[in-house]
Amino acid sequence: MKRRFMGIYNLSDITYSYTLICGDDDVVFEGMSALTCPSGEVKACTSSELGDSIIIQKVFTPSCGSGKTFTAWCNSHLRKAGTQIENIEEDFRDGLKLMLLLEVISGERLAKPERGKMRVHKISNVNKALDFIASKGVKLVSIGAEEIVDGNVKMTLGMIWTIILRFAIQDISVEETSAKEGLLLWCQRKTAPYKNVNIQNFHISWKDGLGFCALIHRHRPELIDYGKLRKDDPLTNLNTAFDVAEKYLDIPKMLDAEDIVGTARPDEKAIMTYVSSFYHAFSGAQKVSQDPTLPPKSTTDIIGTLRPDEKAIMTYVSCYYHAFSGAQKAETAANRICKVLAVNQENEQLMEDYEKLASDLLEWIRRTIPWLENRAPENTMQAMQQKLEDFRDYRRLHKPPKVQEKCQLEINFNTLQTKLRLSNRPAFMPSEGKMVSDINNAWGGLEQAEKGYEEWLLNEIRRLERLDHLAEKFRQKASIHESWTDGKEAMLQQKDYETATLSEIKALLKKHEAFESDLAAHQDRVEQIAAIAQELNELDYYDSPSVNARCQKICDQWDNLGALTQKRREALERTEKLLETIDQLYLEYAKRAAPFNNWMEGAMEDLQDTFIVHTIEEIQGLTTAHEQFKATLPDADKERQAILGIHNEVSKIVQTYHVNMAGTNPYTTITPQEINGKWEHVRQLVPRRDQALMEEHARQQQNERLRKQFGAQANVIGPWIQTKMEEIGRISIEMHGTLEDQLNHLRQYEKSIVNYKPKIDQLEGDHQLIQEALIFDNKHTNYTMEHIRVGWEQLLTTIARTINEVENQILTRDAKGISQEQMNEFRASFNHFDRKKTGMMDCEDFRACLISMGYNMGEAEFARIMSIVDPNRLGVVTFQAFIDFMSRETADTDTADQVMASFKILAGDKNYITVDELRRELPPDQAEYCIARMAPYNGRDAVPGALDYMSFSTALYGESDL
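Residues numbered from 1 in each chain as written. Predicted model: local features only at pLDDT ≥ 70, side-chain atom pairs only at ≥ 80, totals over all residues. Heavy atoms only, no water.

The protein goes by Alpha-actinin-1 in an unreviewed UniProt entry, where it is assigned to Willisornis vidua.

**What about the packing of helix H3 (residues 96–106) against helix H4 (residues 119–135)?**
As a reminder of what qualifies: A fitted line through C-alpha atoms represents every axis, and for helices the fit uses only the stretch in contact; the resulting angles, taken between N-to-C directions, go from 0 to 180 degrees. Secondary structure elements follow DSSP: runs of H or I no shorter than four residues count as helices, runs of E no shorter than two count as strands, and numbering proceeds from the N terminus. For classification, angles of less than 35 degrees are called roughly parallel, those exceeding 145 degrees roughly antiparallel, those between 65 and 115 degrees roughly perpendicular, and all remaining angles oblique. Handedness of a helix crossing follows the sense of rotation of the near helix relative to the far helix, less than a right angle counterclockwise being left-handed and clockwise being right-handed. Two residues form a contact once any of their heavy atoms are found within 4.5 Å. Note that Gly is not counted as nonpolar here; it falls among the polar residues with everything else outside the nonpolar set of Ala, Val, Leu, Ile, Met, Phe, Trp, Tyr, Cys and Pro and the charged set of Asp, Glu, Lys and Arg.
Axis separation between H3 and H4 bottoms out at 8 Å; the angle between their running directions is 25 degrees. Considering their axes alone, H3 and H4 lie roughly parallel with respect to each other. Here the hand of the crossing between H3 and H4 comes out left-handed. Side by side, H3 and H4 meet where Leu96, Leu98, Met99, Leu102 and Ser106 of the first sit next to Asn125, Lys128, Ala129, Phe132 and Ile133 of the second. Taken together, the residues that form the contact of H3 with H4 break down as seven nonpolar, two polar and one charged.

**Here's the deal with the nonpolar core**
Nonpolar side chains tend toward joint burial in soluble globular proteins. Applicable threshold: Definition used in this section: a nonpolar core is a set of buried Ala, Val, Leu, Ile, Met, Phe, Trp, Tyr and Cys residues joined via side-chain atoms within 4.5 Å. Any residue under 20% of the maximum accessible area for its type is buried, any over 50% is exposed, and the rest in between are partly exposed; the area is computed with a 1.4 Å probe on protein chains only.
If you look at the biggest cluster of nonpolar residues, it comprises 74 residues, and the most contacted ones within it are Ile160, Phe212 and Phe278. Considering every element that reaches this core, the biggest residue donor is helix H6 (residues 153–169), with 10 residues. Phe278 has contacts with Trp186, Phe212, Leu215, Ile216, Ala245, Leu249 and Ile251, leaving out every residue within four places of it along the chain. By size, the runner-up hydrophobic cluster in this structure holds 48 residues, among which are Phe710, Leu763, Phe846 and Met857.

**Some details on the UniProt feature "coiled-coil region" (unreviewed entry) in the protein**
Inclusion rule: UniProt positions are given in the numbering used here, feature names are shortened, and annotations may be inferred rather than shown by experiment.
The sites that carry the UniProt feature "coiled-coil region" (unreviewed entry) are, in the present numbering, residues 340–367 and 505–539. Helix makes up 100% of residues 340–367 and strand 0%, with an end-to-end C-alpha separation of 41 Å. Helix makes up 94% of residues 505–539 and strand 0%, whereas the separation of the span's terminal C-alpha atoms amounts to 51 Å.

**Thoughts on the environment of Leu947**
Along the polypeptide, Leu947 turns up in strand S12 (residues 947–948). Using a relative accessible area of 9% as the deciding quantity, one classes Leu947 as buried. Residues Leu947 and Tyr937, spaced 10 residues apart in sequence, show a C-alpha to C-alpha distance of 4.7 Å. Leu947 has contacts with Tyr912, Ile913, Val915, Leu918, Ile931, Met934, Ala935, Pro936 and Tyr937, leaving out every residue within four places of it along the chain.

**A word on helix H29 (residues 859–869)**
The cut-off we apply is this: Here, the arc refers to the directions that run from the helix axis to the C-beta atoms.
Taken residue by residue, H29 has Phe862, Ile865, Met866 and Val869 as its buried positions. Seen end-on, H29 carries its buried residues on one side only, within an arc spanning 105 degrees.

**Things to note about the packing of helix H28 (residues 843–852) against H29**
Between H28 and H29, the least distance of the axes is 12 Å, while the angle of their chain directions is 110 degrees. With respect to their mutual orientation, H28 and H29 come out roughly perpendicular. Here H28 runs over H29; the crossing is right-handed. Of the residues in H29, those in contact with Cys843, Phe846, Arg847 and Leu850 of H28 are Glu859, Phe862, Ile865, Met866 and Val869. Residues that form the contact of H28 with H29 fall into these classes: seven nonpolar, no polar and two charged.

What follows is the structure, given as structure tokens:
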């Protein structure tokens, strides 16, 4: 039994995935190196670090850049065989050009391809190509020939990328690195002399085009004037490199400059494919100019000779060896020097870093130790808490980074000594006082100073906390007492009782008693404040002077409050006795002034009230009430004189005893001046009321004449309209003569009604006079103008509707071919079952009518009939709807069953019909109409394309959904 385990790991900027297949006796490792692309997806590639196996999975995401580059790369090899491709996912589908590509790049012959055009031939050719790829150490997983033949773009591009990796990139090896890392290292080595070129990857490092130009200039400086290139002109740089490479180095143009510049992250696979062509062009395969010292060789001498001269070929090839061997040796020597210098520079940088880090750490220790040794106490809790917070910040924020720096310093020192030893360099000796041992000694001094500092801080805080508690308690009690006494002295010194009323004096006395009780309760707090101040003095509190001053101020203020309290009580009691005498007189005045004032205000309101009357009787009642009011005026004048006498007595007492009155009568706001003013006003309003009543009496007599005139006319017109409405109703129900005779009779009746209009207009004129006179009722008639208008409009509407119904009955009779006798029968049945005689039957009346005519139906059938005769669902059936229904029932019309029978004839007595039968038997437009709307037939005898004409027929008559 085998189990499969999968995982990933990172190497450089490549994410590799691997698969382990574990059996009972062996473990098989399937390696796959996967590049991380800009979109975040994984693309299969070769990893020499994992072995020779390559796994391609369905994870390739194609991009515009990779497709163009792969097509150009394939064409650069296919042109050697005299062909090329245009569409990479289409031209490899038959497998012929894929096999040809593999033969060109490998130099080996593949099996003979199939030349047939069938799918099986194409699959066979692709399988031969895939087998050849697998024979080169490439393990293909989850891909088959069918996906390539079907033009699967992801699988096709993934396969081409695998071929590029195997035959163009995998064999690249530079300084013990291979594949992608080797190619990247080769590019970095070749472009190192160029300061404005920094190759770190195969995407953004090439966007400015200088990297491509540097590779060409390094090997063929005569092809590019590198000094004229500018980093801010990437399009020119890229196009220059692509054109020169295509023209002089036989490297096809695989990339577009606009795509590279216009993309935030160029396609990595496309860049790698194109750069690998430079590697192969300049690493032993580049073209060189012929040595001018050698005689030129004629291509015709070599081609035209069966066996070219061996010595001549060897001599010419040796020129290539000498041309490139010297350059290769110089490059190797330069690389060795660079490597040695890089190691030395790295060691020097580590030494400088150690010296700086050691100096900084020692300086920090030197500054920190005096701070930790300082034991000077503070006077306030806040200052000591700040010291504790600073110490905690030191422990939490400042010291941990220094611990890490000390550890890192020792690590750097050991690492540096190891690197110096491995590179045969002398050991590093730090400056005096900066050895690791020196730093450890200084750190020990720091730990010693830190020891006990936190415990001292906590003890000091506890000591100050007790003093602060007593001081805070003193401040709280003092603040509460001062807050309570605030304003109390000013309150006790007020003279508010001098202008107060008796009730206010009594309230002030009660308030003063409550204050005295509160004052006694605060005695304990004053004593507590003095005791706390004494304790703070005994404990030598640093702020004792301010505490003593505040305590003395509180005690002095307390003594003053006691003296002011006794003085105010005496003044309040004296004023109370003086005001009680005056209060009785004020109360008597208020008891008699208030009713009299209310009587005068009521009288003024009645005399000024705007009366609204509508009859003679109402104005006569108002006149009688006014005469009764005038008879009460002498008695009212006597009461007025008595009330004024009480007020005069109060004024006499105030003047005699020199009482300082706080204000007016507390029991009432009514003054003698106000009483006299209102009395004078009442006397002036009485004659005005007499005049107004006389004028209203004359106006009501005129209104009565208008009421009688309107009532006489309305009592004639109202009954006439009602009589005409009843006559029209009888005409519409009775069956005298033909429908045409009834229509003529109704039109003559309508003419006589219209001729009555002048009388309605005359009544409107009388009604307008009544409205202008603001007359709202009329006891001489029960008819209003609104009733007359509504009745007149209903009369005109009824005669017009009745005429229209008769006209519709004539149209229905003529259209359906109904005889006059049938019409009379319909009318007789309708009138019989119209039990309410409203011209309409309700549902139960209509059901009874249908049963009387022989209909035997259930609820569903009755509901269907009601939906026909009452589409608006009003619950009633008009005579016109009844005639329409009866005409449909008696007329000869098509039904759904008749249409189904006709379709069955066309279908040859089958339960379904075909499209051909419809098009053969029906006109084209009607045949297509049926085909578009008929549902497929699903019966047991159905054939392909059978249509259901039965459901179509029922849908035509609304019996089902079409």
